[in-house]
Amino acid sequence: MTEEMMVGFVSEHTFGIWFLIGAALVFWMQAGFAMVEAGFTRAKNSGNILMKNLMDFCIGTVMFILIGFSLLLGEDLMGLIGKPGFDIFTSYQDFDFSNFVFNLVFCATTATIVSGAMAERTKFLSYCVYSAVISALIYPIEAHWIWGGGWLAKMGFHDFAGSCAIHMVGGISALIGAKILGPRIGKFTRDEKGKVTKINAFPGHNLPLGCLGCFILWFGWYGFNGAAAASIPQLGSIFLTTTIAPAVATVVCMIFTWAKYGKPDVSMCLNASLAGLVGITAPCDVTDAFGAIIVGIVSGFLVVFGVWLLDYKLHIDDPVGAVAVHCLNGIWGTIAVGLFATSSAPGNDIDGLFYGGGFHQLGLQLLGVLAVAAWTVVTITITFLAIQAWMGLRVTEEEEIVGLDAMEHGIASAYSGFSIMDVSNTMTMDVNENTDLGTSNYQEATQAQRDAAVKVAAAPGEISGMYKVVIVAKLSRYDKLRKAMNDLGVTGMTVTQVMGCGVQRGAGEKYRGVEMDATLLPKVKLEIIVGNIPLEQVIEAAKRTLYTGHIGDGKIFVYNVAKVVKIRTGEEDMAALLDVE
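Predicted model only: the values in this text are computed from it and were never measured. (Residues numbered from 1 in each chain as written. Predicted model: local features only at pLDDT ≥ 70, side-chain atom pairs only at ≥ 80, totals over all residues. Heavy atoms only, no water.)

(A) Representation of the state of the cysteines in the model. All chains considered together, the criterion is met by zero disulfides. Cys-253 takes part in no disulfide bond, and the closest cysteine sulfur to it belongs to Cys-269, at a distance of 4.2 Å. Assessed through its relative accessible area of 0%, Cys-253 is described here as buried. (Disulfide = S-S within 2.5 Å. Buried < 20%, exposed > 50% of the residue type's maximum accessible area, 1.4 Å probe, protein only.)

This is the structure we're talking about:
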């Protein structure tokens, strides 16, 4: 074997192995989609979301075996579809195993995108049906036009890894599905004429989970974009552009949301990373570093615009931002090929408009976007309307309120055995003109200021004998409060972590650009039974400890106690309290 033949042999086998590794990375992205969607939605639907993401791939595999693969890569029929066949059963020894697996994982991604926009209110059976239709017909046919030797491929349309074929198609399907399905209960407040007067935020229950999903997706995207590379230089260039675009998009989104909303939006920045990845998917092999930067900049703005557009103008409820990420940036990435393609990229001979190639490639890209979008709109609309007429798309109001985990799958919670309450002390009420009482020094504060900051529900004169004192305060004040009670001689107390509404009028925070009227904040509730220690001392110590000079520092409730019995000794009333005072 000559040296040239040896190099060719090794290269072919190396890239064959990398091709399958890339397919495995794309499969791993299913976990990323599941984590992002679960983290960005409410805990009561987490099990349902995990089940849907699992079934996307499993149902997609069945449909791809039966018809999807042959429609995608079968013998071309008039440039429109692949010839249906069952070579996987009839000619297994000659079957293209690698191509089947590679295209299967991409197909499953298309169906998964739809899940996020329709989350928390879709019937599970209905979801399974439309997921099957996407995997069997909608995706394979348009993907044949682009990758299977169809009419768009013959014309020179370029979509290297799927901004159009996968993300735009999934995003358009998500948009139409969410529109037909309608918003989650309480998302939009309407007046008696049906006009939307207010948009309400539904914060995701687990941002760390969403962030993990984002990193999993970014990691898998190196296989998504790079698996089909034909040379080492091309693979390296693809990895570079796949890194630059999402990084730039995230920085742009952070700066923009910081400037617009006053604070950098975490969930929006996670979406921006994904938006940059979607945007660079089609042109990843034909752009240089400058082109990737521009793609990222536009994607960073586009994802924020997309979320705003759906919430404030279209009034379409998309819990995870799937439409903004995949639809808008899928379109943008496809068009970007015609603008930023450069023959300086390894293995590329296409030049876009800004690199001296004129309008030819841009025209092809626009034609492809319009054709695939038209196909998707027609087919997915028919699919959703047929399912709605046949079995219904949406769960009942009761099922939505209780949660799909319990109503669709019979599980009390995806977090059984865990408390899902956020007990961090970082969520505190903003200081503003409505909460600031003028001084943070307890000694300098007037009695009215002290009473406004820490309210007492009953006056000491109204209580006699034994009493129960209940103190509700910020979680961050717990250690100081406990020490103050201990210093008084109170050593026995019941402590409970609770959640309470803590945002005063005018102090609303924003989640994904939508103002939240009330935020559930972590609180601590102390319950103390005292009889020998003067009540005034307990109240004064609590007020002095909790006071920071703002409304909402805490509340104190005082109740009469008729009787106390110590189970261990049988002691009653004052005697029963001696070891806790």
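Resuming the write-up.
(B) Representation of the pattern of salt bridges within the structure. In the structure shown here, the tally under the stated rule is twelve salt bridges. Notably, a salt bridge pairs Asp-487 with Lys-483, separated by 3.3 Å at the nearest N-O pair. Placement of both Asp-487 and Lys-483 in helix α17 (residues 478-488) is noted, with a separation of four residues, approximately one turn of the helix. With respect to burial, Asp-487 and Lys-483 carry one shared label: exposed. Residues participating in the shared-partner salt-bridge network are Arg-42, Glu-120, Arg-184 and Asp-317. (Salt bridge = Lys/Arg side-chain N within 4 Å of Asp/Glu carboxyl O. Helix = DSSP H or I, 4+ residues; strand = E, 2+ residues; numbered from the N terminus.)

(C) Up close: the pairing of strand β6 (residues 467-474). Burial within β6 is extensive, with six of its eight residues counted as buried. Relative to strand β11 (residues 554-560), β6 is paired through seven bridges, and the arrangement is antiparallel. Along β11, the bridge assignment pairs Lys-468 with Tyr-559. (Pairing = 2+ DSSP bridges.)

(D) Examining the layout of surface pockets more closely. There is about 330 Å³ of room inside the second largest pocket. Surrounding the second largest pocket, 16 residues form its lining, Trp-147, Asp-159, Phe-160, Ala-161 and Ala-228 being those nearest its centre. At the level of elements, α4 (97-117), α5 (124-147) and α8 (207-226) are the ones that each hand at least two residues to the lining of the second largest pocket. The dominant element in the lining of the second largest pocket, judged by the number of residues it contributes, is α4, at four residues. Looking at the lining of the second largest pocket residue by residue, the class counts come to eleven nonpolar, four polar and one charged. (1 Å grid on protein atoms, 1.4 Å probe; cavity = no way out; pocket = protein on both sides within 12 Å on 5 of 7 lines; lining within 4 Å. Points joined across faces, edges and corners; volume = space filled by probe spheres on them. Nonpolar A, V, L, I, M, F, W, Y, C, P; charged D, E, K, R; others polar.)

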